[in-house]
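One-letter residues, chain by chain:
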Amino acid sequence: MINWKSRALEVQFKLEKLANYSEVNGALFRPTLSRSHMKALDQIQSWMEEVGLVVIKDHAGNLIGRLGSKRENAPTFLMGSHIDTVSNAGIYDGNLGIIAAISAVDLFGTSSSAIPFNIDVIAFSDEEGNRFPNTLTGSQAVAGTLNPNALTVSDSEGITRAEALTGFGCDPALACSSLYLDERPLGYLEIHIEQGPVLEREDLSVGIVTAINGARRFTVKVGGNAGHAGTVPMSMRSDALAASAEMLMAIESIAKSGPGMVATVGMLEVIPGARNVIPGQVKFSLDLRGENSGSIDTAQASIFSEINNIASTRQVQIEWNQDYKISPTFCDSSLGELLGESIRESGVMPFELTSGAGHDAVAIADLCPVAMLFVRCEKGISHHPSEAVKIDDIGKALEVTHYFLEKFGQTV
Ligand SMILES: [Zn+2]
């Protein structure tokens, strides 16, 4: 009889210990390729070695611990998540997926007599994008898709990624060469907190991710006429902020009418920004995400058509620019089915959901089939110190992962 609760408590203890490796006192901030990142990897390496994993660091700053099969030329299955954090982070985002994987692999290794495949647990180096302008470079390096241009970008102190890698003991010239190019891994499983409120609403410990939403980001500029707040009659105004307000309401209502669609205007700049001047210019951001490219296309078209209508009615000018685009990533349906059977075996109803946030699985999907197991977190709060996960939910994630590895082993 496996005591999932005591294993979960051990995971929780390690997560709390790991949170001490931070660039700031009293809060968790662990940017990629920093001193705290290095210390956290040293700690993880010793936990990996304690359970018999063979550990290497690649040249993109990823730490990889392997449970080796005794079979000759055995194929490899990947697990893991990211070790870097946002500033003022919670202790579970990313880190849970590494520590829980080590625990699950330890149990799988000791309870199975002959393991038909290797399992590599990876602590990915760069998922949050909190130091350099691009991100997912750790998982892209593993997938063999890292663009060498990613090495020339600089952080706020002018240190390039290549220099930071050198300081981290890596050789930047080898950063883009994946260790997995000769043998494509069998698949990848990432355990991650949901970072949203759906599992809590459904009263479920865990859920199966079917897709990671695509995202597009835009900057919209609205040009009106600045003027004296006291002298220009209402009928003669071209107020860029009032027009923008109407556009924001339209964006909200279009996103509400598209299933699985979310749109957010998170930044708004008003020029000149004075109490007694009619706003002459407004710049706002638009972040649009959805489950499939078609529905994002439709929402994008409706949004910009409505923005143009409002602009012509209100006689303001519109300019917009797309700053970023990433397509949706689909999780593998066979791995998802195995996760479903494993969840059922653990006594929970299998439940599918999509991920609104990006994950390392997005990059790894270019290398091999991917699966994600979401774990409920309190009120869906993440990227904040109040991020919280119940011990029983961590236990459930470990149990599901154990059954998953057993079932997957039978298919190899
Ligand atoms: Zn994360």
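Residues numbered from 1 in each chain as written. Predicted model: local features only at pLDDT ≥ 70, side-chain atom pairs only at ≥ 80, totals over all residues. Heavy atoms only, no water.

## Remarks on the overall build of the protein
Working step 1: The helix and strand tally for the protein stands at eleven helices and 16 strands.
Working step 2: Relative to the 2.2 N^0.38 estimate, which gives 22 Å for 412 residues, the radius of gyration of the protein is 24 Å and therefore close to what a compact globule would have.
Working step 3: Counting only C-alpha atoms and orienting by the principal axes, one finds that the protein spans roughly 85 × 45 × 40 Å.
Working step 4: Per-residue burial for the protein yields a buried fraction of 53% across its 412 residues. (Helix = DSSP H or I, 4+ residues; strand = E, 2+ residues; numbered from the N terminus. Rg over C-alpha atoms; globule rule 2.2 N^0.38 Å. Buried < 20%, exposed > 50% of the residue type's maximum accessible area, 1.4 Å probe, protein only.)

## A closer look at the coordination of the zinc ion
Working step 1: Protein-derived ligands of the zinc ion are His 82 (NE2), Asp 93 (OD) and His 192 (NE2), with the metal-ligand distances lying across 2.0 to 2.2 Å.
Working step 2: The motif formed by the donor residues of the zinc ion, counted along the single chain, is H-x10-D-x98-H. Note that Asp 93 is positioned in the loop between β3 (76-82) and α3 (95-111) and His 192 in strand β5 (residues 187-193), a separation of 99 residues in sequence. Assigned by exposure class, Asp 93 and His 192 land together as buried. (Donors = N, O, S within 2.8 Å, 3.2 Å for Na, K, Ca; no water.)

## Focus on the packing of aromatic side chains
Working step 1: Here the structure, examined in full by the defined rule, presents eleven aromatic pairs.
Working step 2: Plain terms: the ring middles of Trp 4 and Tyr 403 are 6.4 Å apart, the flat faces sit at 80° to each other, and that makes the pair edge-to-face. Taken as a pair, Trp 4 in helix α1 (residues 4-18) and Tyr 403 in helix α11 (residues 391-411) lie far apart in primary sequence, 399 residues in all.
Working step 3: A centroid spacing of 5.9 Å and a plane angle of 45° characterise the contact between Phe 77 and Phe 404, whose relative ring orientation is tilted. Of the two residues, Phe 77 is situated in strand β3 and Phe 404 in helix α11; the sequence distance between them amounts to 327 residues.
Working step 4: Classification of Phe 77 as buried rests on a relative accessible area of 0%.
Working step 5: A relative accessible area of 0% places Phe 404 in the buried class. (Phe/Tyr/Trp six-rings, centres within 6.5 Å; stacked < 30°, edge-to-face > 60°.)

## Side note on the domain arrangement of the protein
Working step 1: One can read the domain layout of the protein as domain 1 (4-212 + 328-411) and domain 2 (214-326).
Working step 2: Relative placement of domain 1 and domain 2: their C-alpha centres are 37 Å apart.
Working step 3: Across the boundary between the two partners, domain 1 contributes seven residues, which contact eight residues of domain 2.
Working step 4: Around 490 Å² of area is buried between domain 1 and domain 2 when both sides are counted, 59% of it from carbon and sulfur atoms.
Working step 5: Of all residues in domain 1, the largest losses of buried area upon contact with domain 2 belong to Pro 328, Thr 354 and Gly 356, amounting jointly to 68% of the total for that side.
Working step 6: Remark: the boundary between domain 1 and domain 2 carries zero salt bridges.
Working step 7: At the surface where domain 1 touches domain 2, the tally comes to one residue pair in polar contact (both at pLDDT 80 or more).
Working step 8: Residues of the side of domain 1 that touches domain 2, tallied by class, amount to five nonpolar, two polar and no charged. (Domains from an automatic or database assignment. Contact = heavy atoms within 4.5 Å. Buried area = accessible area lost by both parts, 1.4 Å probe. Salt bridge = Lys/Arg side-chain N within 4 Å of Asp/Glu carboxyl O. Polar contact = N/O pair within 3.5 Å; in protein donor to acceptor, adjacent residues only side chain to side chain. Nonpolar A, V, L, I, M, F, W, Y, C, P; charged D, E, K, R; others polar.)

## What to know about the pattern of salt bridges
Working step 1: Here the structure, examined in full by the defined rule, presents 16 salt bridges.
Working step 2: Here Arg 216 and Asp 297 are joined by a salt bridge, their closest N and O atoms 2.9 Å apart. Here Asp 297 lies in helix α8 (residues 293-314) and Arg 216 lies in strand β7 (residues 214-223), a separation of 81 residues in the sequence.
Working step 3: Under the relative-accessibility criterion, Arg 216 is labelled buried at 5%.
Working step 4: Residue Asp 297 is classed as partly exposed on the basis of its relative accessible area of 41%.
Working step 5: Residue Asp 393 is joined to Arg 376 by a salt bridge in which the shortest nitrogen-to-oxygen separation is 2.8 Å. A residue pair is termed long-range when its members are at least 10 positions apart, and Asp 393 in helix α11 and Arg 376 in the loop between β16 (370-375) and α11 qualify at 17 residues.
Working step 6: Salt bridges sharing partners connect three or more residues here, namely Asp 203, Arg 376 and Asp 393.

## A word on the layout of surface pockets
Working step 1: Reported here for the largest pocket is a volume of approximately 1,200 Å³.
Working step 2: Arg 217, Arg 289, Gly 356, Ala 357 and Gly 358 are the residues nearest the centre of the largest pocket, which is lined by 45 residues in total.
Working step 3: Elements supplying a minimum of two residues to the lining of the largest pocket: β7, β9 (262-264), β12 (281-290), β13 (317-326) and β15 (352-355).
Working step 4: With four residues, β15 is the single largest residue contributor to the lining of the largest pocket.
Working step 5: Split by residue class, the lining of the largest pocket holds 17 nonpolar, 19 polar and nine charged.
Working step 6: Residue-level mapping places the lining of the largest pocket at the junction of two domains, with at least three residues from each of domain 1 (4-212 + 328-411) and domain 2 (214-326).
Working step 7: Within this model, the second largest pocket holds a volume of roughly 240 Å³.
Working step 8: Lining the second largest pocket are 15 residues; nearest its centre among them are Phe 218, Met 267, Ser 285, Leu 286 and Asp 323.
Working step 9: Within the residue set of the lining of the second largest pocket, elements represented by two or more residues are β7, β10 (268-271), β12 and β13.
Working step 10: Ranked by residue count, the leading element in the lining of the second largest pocket is β12, at five residues.
Working step 11: The class makeup of the residues in the lining of the second largest pocket is six nonpolar, four polar and five charged. (1 Å grid on protein atoms, 1.4 Å probe; cavity = no way out; pocket = protein on both sides within 12 Å on 5 of 7 lines; lining within 4 Å. Points joined across faces, edges and corners; volume = space filled by probe spheres on them.)

## Quick word on the side chain of Glu 387
Working step 1: Assignment of secondary structure puts Glu 387 in the loop between β16 and α11.
Working step 2: Of note is the side chain of Glu 387, whose polar atom sits 3.4 Å from the backbone nitrogen of Ile 91.
Working step 3: Setting aside anything within four residues of it in sequence, one finds Glu 387 in contact with Gly 90, Ile 91, Tyr 92, Asp 93, Ile 193, Ile 381 and Ser 382.

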